[in-house]
Amino acid sequence: MKVSNQLFDAIDYLETEKGIDKDILMEALEAALISAYKKNFKSASNVRIDIDEESSSLRVLSRKTVVEEIENSLEETSLDEAREIDPNYEVDDVIEVEVTPKDFGRIAAQAAKQVVTQRVREAERGVIFSEYADREEDVMNGIISRKDSRFIYVNLGKIEAKLAESEQMPTEDYYVHDRLKVFVTKVENTSKGPQIYISRSHPGLLKRLFEMEVPEIYDGIVEIKSVAREAGDRSKISVHADDPEIDAVGSCVGQRGQRIQVVVDELKGEKIDVVEFSDDPVVYVSNALSPSKVVDVLVDEDDKATTVIVPDYQLSLAIGKKGQNARLAAKLTGWKIDIKSESEARAEGLIADDDDELDEFDDSYSDNEEDLFE
């Protein structure tokens with residue numbers, strides 16, 4: 001049976017333009033033709049398709065055993081019929097006999113079209129998946145293309161990514177055609193094609209934005225140690241530089257706050273505290289409670305808990321609105337934080353009373369009075 005050159009041209013095109021291996025396409029085509037043949041014609045299971053590109057021909061071949069007396073015509077052939085093909089055949093030899101139906105052309109054409117269409121779709125999906133699979137936990141630019149009750153769909157170039165309601169910033173409004181930066185949380189290759197899920201509220205977005213804006217972070221001179229974020233409202237980020245000459249916090253803030261302002265603008269005014277990381281929990285927790293001042297930090301290593309003492313007039317600032325400052329500081333440091341005012345701490349005996357400190361000074365002064373005026 002003759003095969004149109006258009007089929008081979010299409011296969012060559014798919015290999016060149018879509019990157020689909022020609023041998024894989026031919027195997028898929030042969031499998032589809034075998035399936036179509038078995039479905040439409042009474043046949044044995046041991047058939048194969050022979051496609052010759054040079055002669056543009058297609059044959060359906062059935063494997064049959066040479067026997068003296070035929071009992072199953074689908075799987076057996078007589079010795080006389082076999083020797084018409086090759087006089088050297090003997091009983092029990094296995095030969096291939098052409099069984100191409102006369103009206104197989106239409107069925108073959110349909111099968112070929114389905115295979116080519118399916119492979120093109122799979123190839124395009126594969127290309128898209130491989131292009132975006134390495135972008136997990138990265139920031140991408142997109143344009144909002146549409147919205148429904150479940151997702152906001154953001155066009156990333158070759159695919160629409162899904163922004164779920166739980167990943168949106170509660171203080172941000174989203175409109176079709178808006179441009180925005182998004183954090184890629186997951187890339188999946190499903191039966192429906194690649195699926196990309198993105199976020200505007202993930203702490204990773206804040207981290208990546210600083211990496212993009214601060215060369216010292218991108219180059220590894222300054223390291224982001226931890227991020228705590230309540231999207232759209234306030235965030236804290238701790239940074240550290242091994243080189244004592246490098247001002248890690250200053251690098252992130254930038255001259256006149258220019259660097260951090262770019263990040264704040266992208267997050268629609270989200271307040272961001274940048275603090276210095278320290279291995280010393282006293283220093284780290286004190287820094288994390290910025291902008292509040294801290295009098296003392298009592299550390300319980302076993303429970304990884306701290307009691308932070310602040311001036312009375314700084315108590316509300318240290319705790320923050322609805323406990324936000326303390327909550328973010330605890331997330332940032334990984335330490336439990338219990339904040340007490342100085343007066344409360346004195347009442348509980350956590351710090352010495354001013355009168356007690358004065359008495360101690362008087363006693364010390366009296367003991368050394370003679371030494372002072374010898």
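Residues numbered from 1 in each chain as written. Predicted model: local features only at pLDDT ≥ 70, side-chain atom pairs only at ≥ 80, totals over all residues. Heavy atoms only, no water.

Asks: When you look at the overall build of the protein chain in this model, what are you seeing that I'm missing?
Replies: What the protein chain contains, in helices and strands, is 14 helices and 15 strands. Scaling as 2.2 N^0.38, a compact globule of 374 residues should have a C-alpha radius of gyration of about 21 Å, whereas the protein chain reaches 38 Å, well beyond that. Taken across its 374 residues, the protein chain has 41% of its residues classed as buried. The long-range fraction of contacts in the protein chain, counting pairs at least 24 apart against all pairs at least 6 apart in sequence, stands at 58%. As displayed, the protein chain offers around 21,900 Å² of accessible surface, 44% of which is attributable to carbon and sulfur atoms. (Helix = DSSP H or I, 4+ residues; strand = E, 2+ residues; numbered from the N terminus. Rg over C-alpha atoms; globule rule 2.2 N^0.38 Å. Buried < 20%, exposed > 50% of the residue type's maximum accessible area, 1.4 Å probe, protein only. Contact = heavy atoms within 4.5 Å. Areas by Shrake-Rupley, 256 points an atom, 1.4 Å probe, with all protein chains shown as cover.)

Asks: Is there a simple way to explain the UniProt feature "domain: S1 motif" (unreviewed entry) in the protein chain in this structure?
Replies: Here the UniProt feature "domain: S1 motif" (unreviewed entry) sits at residues 135–201. Split by type, residues 135–201 is 0% helix and 57% strand. Its first and last C-alpha atoms lie 17 Å apart. (UniProt positions renumbered as here; feature names shortened; annotations may be inferred.)

Asks: Looking at this structure, how should I read the pattern of salt bridges?
Replies: Note that side chains of opposite charge can pair when their charged atoms are close. Applying the stated rule across the entire model yields 23 salt bridges. A salt bridge links Lys 22 to Glu 53, with the shortest nitrogen-to-oxygen separation between them at 3.0 Å. Pair noted here: Lys 22 is in helix α2 (residues 22–40) and Glu 53 is in the loop between β1 (47–52) and β2 (57–67), with a separation of 31 residues, a long-range link. Taking the shortest distance from any N to any O, the salt bridge between Lys 236 and Asp 273 comes out at 2.9 Å. Here Lys 236, found in strand β11 (residues 234–240), pairs with Asp 273, found in strand β12 (residues 271–276); they are 37 residues apart in sequence, far enough to count as distant. Considered together, Lys 236 and Asp 273 belong to a single accessibility category, that of buried residues. Shared partners join several salt bridges into a network, and the residues in it are Glu 172, Arg 200, Glu 266 and Lys 268. (Salt bridge = Lys/Arg side-chain N within 4 Å of Asp/Glu carboxyl O.)

Asks: Would you mind going over a negative patch on the surface with me for this structure?
Replies: Together, Glu 15, Asp 21, Asp 23 and Glu 27 give the surface a local cluster of negative charge. Within the secondary structure, Asp 21 sits in the loop between α1 (5–17) and α2. (Patch = residues over 30% accessible without salt bridge, like charges linked within 9 Å, V, L, I, M, F, W, Y side chains within 5 Å. Lys, Arg positive; Asp, Glu negative; His and termini not counted. Charge placed at Lys NZ, Arg CZ, Asp CG, Glu CD.)

Asks: Quick question: what am I supposed to make of the nonpolar core here?
Replies: For soluble globular proteins, the rule of thumb is that nonpolar side chains tend to be buried together. Ile 196, Phe 210 and Ile 272 are the most contacted members of the largest nonpolar core, which totals 41 residues. Of all the elements, strand β8 (residues 179–190) adds the most residues to this core, at 5 residues. With 30 residues, the next largest nonpolar core counts Phe 8, Ile 11, Leu 14 and Ala 123 among its residues. (Core = buried A, V, L, I, M, F, W, Y, C linked by side-chain atoms within 4.5 Å.)

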